[in-house]
Amino acid sequence: MSWLSALGHTARAGFAVERPRLEPLGALRGAAGLAFVIGISLWLFSPAVAASSAFGAYQAAVATYQRSWRPRPQLALISGATLGVSTFLGYLSASHLVLFLALLATWAFLAGMSWAAGPTVGVMASSNLAITLITITLPSSVAEAAGHAAMSLFGGLVQAALLVLFPFRRWRPHRDALADALAAEADYARRLRHDPHADFDPEPLMEAREAAQLTARQHRRRPAQLSGARGLAERLRPVLASLADPALGAPAEGPERDRVRELLAAAAAVLDAAARAVRRGTPLALDAPSVAALRTPDTGDVLTGPARRAALRLKALLGDVIETADPAGRSTAAPDAPAQAAARADAVREEATLATLARTQEPAAVQRPPAPGAHAAPPGPDEPPYPVEPAEPPTPAVLHRPGLIGLVPVVVRSMRDELRPDSAILRHAIRVTAVALLGYLIGSLVGSLLSFGHGYWAPLAAVMVMRPDFSRTYSRAVARFGGTLLGVFAATGIVQLTEPSVRVSALLAVVCAALMYLLMRTGYAVGQFFVSGYVVFLLGMGGEEWTQTVPERVVLTLIGGILAMASYAVFPAWETPRLRTLLADWLTAAGRYAAEVVERYATPSGPDDARVRQALLEARAAHTAWQEALARAAHEPVRSRGLSRTSADDAEEAIGAFSRAAMLMEAHLPERGAVPVPAAQRLAHALRATTERGARDLRDRRVPQWDEVRAALAAWDGEGVPDRVVRRGAGMLLAALEQVSEAAEESPPFTGPRPGEGPPVATGS
């Protein structure tokens, strides 16, 4: 993509307006806290102190709107405390230019590195750095600076207290995340009825896992409906896919396929009902046809082999979903038939219990374990492994989130891990530091030449728009200038027409803040429109004339945006050259996941093995990193470096098919104590070794080879296999790996320098 096309795309993205769900009560709560802090400050102190405390309360409320699963009162307290400390230290050093520049560089570098701990921490640190550039100019003595710092902390305390007193459905984000995961599974089951190879986006499951990470206090107080359902949703996906897939499940047509469609439709209905119950906190409502489909007694006669086993596991898991979504047994349906609905839920629970027993003790496959030293004849290709006693249901894992004290070493460790030359976070921190210093000096110079009293607008604008990637930095720079231009002109018009007093200016500032809280998620330009009005009214309350505020805000914001955009062009962190590395990382993680799954057939440990789950999570994380980088690279003004768009799409499809084959095998993992498959051990070792070697080949622009996997499968031929899932699944894994090699062969030869030998080449406009 050329520079002209990239700039056009980022400009359009900056002015895009979305339509998210609005939270008027939350916006009213934040505005009420801001109004309370301003009123107390005006009553007890001066308008300047009120302006400083207003910035603290405003920023604390903004922090609570960040995308975080941490308790929101904690975010408000952290924001108020850090802003207060920064204000006090900044004022102490402001009179000594060299000392202040050193302190500003330290703040800016830490703010940039804080993105290593996640976007929430990064946004809060960048915002506090920007607000500090304003608040340090308001006090006129050390005592006043201490007072301003205390009022910033007070603003955070007020917002935190309001969050505690008026939580407005404290658990709604967690309920929504879990309900979205269940609804995604329901939609997946519905699509599988018509397309057995339908794709599934794991993002809702990953989001639900993030929401399930709780502090100790949250864990003690969470609703019962939020306990355990997330793990069940994770386990349902491979079972649904395996039941629908013709390669390992029921045939593509015939009575078995018809029964599979019925079961998938029933599963979708149950999961949708569970999602509604979790989202609303209401009793579970099941419909009669879905319950009838799950209770059909001849399912075991119609389905055979892996399809039958998948159906039994599906029934057992759905029973657990019902138990979790309706822990008190309050199931209802239509208002006129609550008793029938409760009976339906009980019937599904009973059927799930029977399915669990049938899954672990197949009456059609009753055998005895071989005597010591004797060789047991393997079961037929469609028979399940040797039956065992059903295991105790797994206890839902508790995902702990560290508290505020425990968060410090986590953040420090994350930042330390990014201190390497190829880190995009480190390059972002260096850019932020350089731009903050240069912006402050240029702003001061321009301010002295044009008689601007606040040169801080230039570094403030630059720090606020800068992000670790190209697209967001440029789109935010354009949106900030456009929103600022419109906002200051609208606020100036109101000031000229009304000539507001101090109290009226404070009221108008609170109104602008309330509208910003309400609409901030619709788009960055929309938020900046109201932020600009808020700043004009707030500084007017503190005694600043609009004739001084408006010109300097527009000119210096433009300068700050240009600095931010220029910094990325001069010192970039392009995603395009990293695509091969990220693709190789995904292949390695997918190979480990497949190897763990196959190895469980050699050493059966039950379907809920922690090693398989951990490998799956790592593969998902690598896949997500690849997709995000590919999306960002699509809009970068950088030429492809050896990995064409077609090759990237083909490789993504191949590794996705490889991961899907492993997932299908995961759905049929043998119970603990089942007959092992010794050949699976060799295949698992071959998968682990060859995918790691293949990843190195991808990084070095060579075509991966899979001879070791072929040898393991060739040695497997002729050996008795207890279940067709194992051998067919292994063949699907090899076929997918060969597609990866074909995609690598399609990539055009690369004639330029190797990665690290030179900067990426930007195209002309």
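Note that residues are indexed from 1 along each chain, following the sequence as it is written. Per-residue local features of the predicted model are confined to residues with pLDDT of at least 70, and side-chain atom pairs are confined, for both listing and counting, to 80 or more; whole-chain, interface and lining totals are unaffected and use all residues. Water and hydrogen atoms play no part in the side-chain values, which are based on all heavy atoms of the structure.

### Things to note about the overall build of the protein chain
Heads up, the rule is: A helix here means a DSSP run of H or I that spans at least four residues, while a strand means a run of E at least two residues long, and both kinds are numbered starting from the N terminus. Burial classes follow relative accessibility: with a 1.4 Å probe on protein chains only, a residue under 20% of its type's maximum area counts as buried, one over 50% as exposed, and anything between as partly exposed. Any two residues having at least one pair of non-hydrogen atoms within 4.5 Å are treated as being in contact. Each accessible area value is a Shrake-Rupley result obtained with a 1.4 Å probe; residue values ignore everything except the protein chains displayed when judging cover.
Across its full length, the protein chain holds 29 helices and two strands. Going through the 765 residues of the protein chain one by one, you find that 53% of them count as buried. Partitioning the contacts of the protein chain with sequence separation of at least 6, the portion at a separation of at least 24 is 81%. In the form shown here, the protein chain has an accessible surface area of approximately 32100 Å², with 61% of it arising from carbon and sulfur atoms.

### Overview of the environment of Ala629
Secondary-structure assignment places Ala629 in helix H25 (residues 610-633). What makes Ala629 buried here is its relative accessible area of 0%. In this structure the C-alpha to C-alpha distance between Ala629 and Arg578, which are 51 residues apart in sequence, comes to 8.0 Å. Sequence-distant contacts of Ala629, defined by excluding residues within four places in its chain, comprise Glu575, Leu579 and Leu582.

### A closer look at the confidence of the model for the protein chain
The condition that has to hold: pLDDT measures the predictor's confidence residue by residue and takes values from 0 up to 100.
Of the residues in the protein chain, 84% have a pLDDT of 70 or more, and the chain-wide mean is 81. Model confidence for the protein chain, summarised as mean pLDDT per element, is weakest for helix H16 (residues 338-360) at 48 and strongest for helix H24 (residues 579-602) at 92. Note that residues 332-341 has pLDDT below 50 and, in this model, 13 contacts with residues that lie over four places away or in other chains. Long-range and interchain partners of residues 749-765, a stretch whose pLDDT sits below 50, account for 30 contacts in this model, where long-range means more than four residues apart.

### Focus: helix H19 (residues 457-465)
In terms of burial, H19 is largely enclosed, as nine of its nine residues are buried. When we look at burial in H19, the residues that qualify are Trp457, Ala458, Pro459, Leu460, Ala461, Ala462, Val463, Met464 and Val465.

### What about the pattern of salt bridges?
How we decide: We define a salt bridge as a side-chain nitrogen of Lys or Arg found within 4 Å of a carboxyl oxygen belonging to Asp or Glu.
According to the stated counting rule, one finds 30 salt bridges in the structure shown. A salt bridge links Arg600 to Glu596; the shortest N-O distance between them is 2.8 Å. With Arg600 and Glu596 both in helix H24, this residue pair falls four residues apart, about one helical turn. As far as burial versus exposure is concerned, Arg600 and Glu596 are alike and both buried. It is possible to trace a salt-bridge network through shared partners that takes in Arg21, Asp176, Asp180 and Arg279.

### Some thoughts on the packing of aromatic side chains
For any pair of aromatic rings, the description rests on two quantities: the centre-to-centre distance and the angle between the ring planes. Worth spelling out the cut-off: Working definition: rings of Phe, Tyr and Trp (its six-membered ring) pair if their centres are within 6.5 Å, and the pair is stacked with planes under 30 degrees apart, edge-to-face with planes over 60 apart, and tilted otherwise. In this analysis the charged atom, NZ for Lys or CZ for Arg, is taken to sit over a ring once it is within 6 Å of the ring centre and within 35 degrees of the ring normal.
Under the counting rule described, the total for this entry stands at 16 aromatic pairs. Seen in terms of ring centroids, Trp3 and Trp574 are 6.2 Å apart; in terms of plane orientation they differ by 70°. Their pairing is edge-to-face. Of this pair, Trp3 sits in helix H1 (residues 3-14) while Trp574 sits in the loop between helix H23 (546-570) and H24, and the two are 571 residues apart along the sequence. Measuring from ring centre to ring centre gives 5.1 Å for Phe529 and Phe530, while their planes differ by 90°; the resulting arrangement is edge-to-face. Here Phe529 falls in the partly exposed class, since its relative accessible area comes to 29%. Aromatic rings pair up to connect Trp3, Phe470, Tyr474, Tyr568 and Trp574 into one cluster. Note that Arg427 overlies the ring of Phe571, its terminal NZ or CZ placed 4.0 Å from the centroid. The aromatic ring of Tyr524 is capped on one face by Arg476, whose charged end is 3.9 Å from the ring centroid.

### Overview of the side chain of Ser475
The topology assignment puts Ser475 in helix H20 (residues 470-498). According to the relative accessible area criterion, Ser475 is buried, its value standing at 11%.

### Points about a positive patch on the surface
Operational definition: Within this analysis, patches are made of residues with over 30% relative accessible area and no salt bridge. Like charges are joined at 9 Å or less; nonpolar side chains (Val, Leu, Ile, Met, Phe, Trp, Tyr) at 5 Å or less. Only four residue types enter the tally: Lys and Arg on the positive side, Asp and Glu on the negative side; His and the chain ends are excluded. Charge positions are represented by NZ for Lys, CZ for Arg, CG for Asp and CD for Glu.
Together, Arg170, Arg217, Arg220 and Arg221 line one region of the surface with positive charge. Within the secondary structure, Arg217 is located in helix H10 (residues 216-221).

### Observations regarding the packing of helix H4 (residues 72-94) against helix H7 (residues 142-165)
If you want to describe how two helices pack, look at the angle between their axes and the distance between the axes. This is how the line gets drawn: Lines fitted to C-alpha atoms define the axes, with helix axes restricted to the stretch in contact, and inter-axis angles between N-to-C directions lie between 0 and 180 degrees. For this classification, under 35 degrees means roughly parallel, over 145 means roughly antiparallel, 65 to 115 means roughly perpendicular, and everything else is oblique. The residue classification treats Ala, Val, Leu, Ile, Met, Phe, Trp, Tyr, Cys and Pro as nonpolar and Asp, Glu, Lys and Arg as charged. All others, Gly included, are polar.
For the pair H4 and H7, the least separation of the axes is 8 Å and the interaxial angle reads 175°. What the angle tells us is that H4 and H7 run roughly antiparallel. Counted by class, the contact of H4 with H7 contains 17 nonpolar, seven polar and one charged residues.

### Concerning the packing of H19 against H20
In contact at an axis separation of 8 Å, H19 and H20 are set at 135° when each is read in the N-to-C sense. Looking at the two axes, H19 sits oblique to H20. When H19 is examined against H20, the residues Leu460, Ala461, Met464 and Val465 are found in contact with a partner set consisting of Arg472, Thr473, Arg476, Ala477 and Arg480. When grouped by side-chain class, the residues that make up the contact of H19 with H20 number five nonpolar, one polar and three charged.

### Topic: the environment of Val158
Locating Val158 in the fold gives a position in helix H7. By relative accessible area, Val158 is classed as buried at 12%. The contact partners of Val158, leaving out residues within four places of it in the chain, are Gly33, Phe36 and Val37.

### What about the environment of Gly39?
Looking at where Gly39 falls in the secondary structure, it is placed in helix H2 (residues 24-44). In this structure the C-alpha to C-alpha distance between Gly39 and Ala50, which are eleven residues apart in sequence, comes to 7.7 Å.

### A short note on unusual backbone geometry
Backbone geometry at Glu499 places phi at a positive 45°, although glycine is not the residue there. Among the secondary structure elements, Glu499 is positioned in the loop between H20 and helix H21 (502-519). Accessibility expressed as a relative area gives 65% for Glu499, which makes it exposed. For Arg701, which is not glycine, the phi dihedral falls at a positive 65°. Structurally, the position occupied by Arg701 is in the loop between helix H27 (678-699) and helix H28 (707-716). Given a relative accessible area of 21%, Arg701 falls into the partly exposed group.

### Quick notes on a nonpolar patch on the surface
A surface patch of nonpolar side chains, amounting to about 510 Å² of accessible area, comprises Leu25, Leu28, Leu165, Phe166 and Phe168. With respect to the helices and strands, Leu165 occurs in helix H7. Using a relative accessible area of 60% as the deciding quantity, one classes Leu165 as exposed.

### Brief notes about the side chain of Glu418
Just so we agree on the cut-off: Here a polar contact is recorded for every N or O atom pair within 3.5 Å, except that within protein the pair must consist of a potential hydrogen donor and a potential acceptor, and residues adjacent in sequence are included only if both atoms are side-chain atoms.
Tracing the sequence through the fold places Glu418 in the loop between helix H17 (404-417) and helix H18 (424-450). Polar side-chain contacts of Glu418 include one of 2.4 Å to the side chain of Ser423. Residues within four places of Glu418 in sequence aside, it is in contact with Met113, Ala116, Ser423, Ile425 and Leu426.

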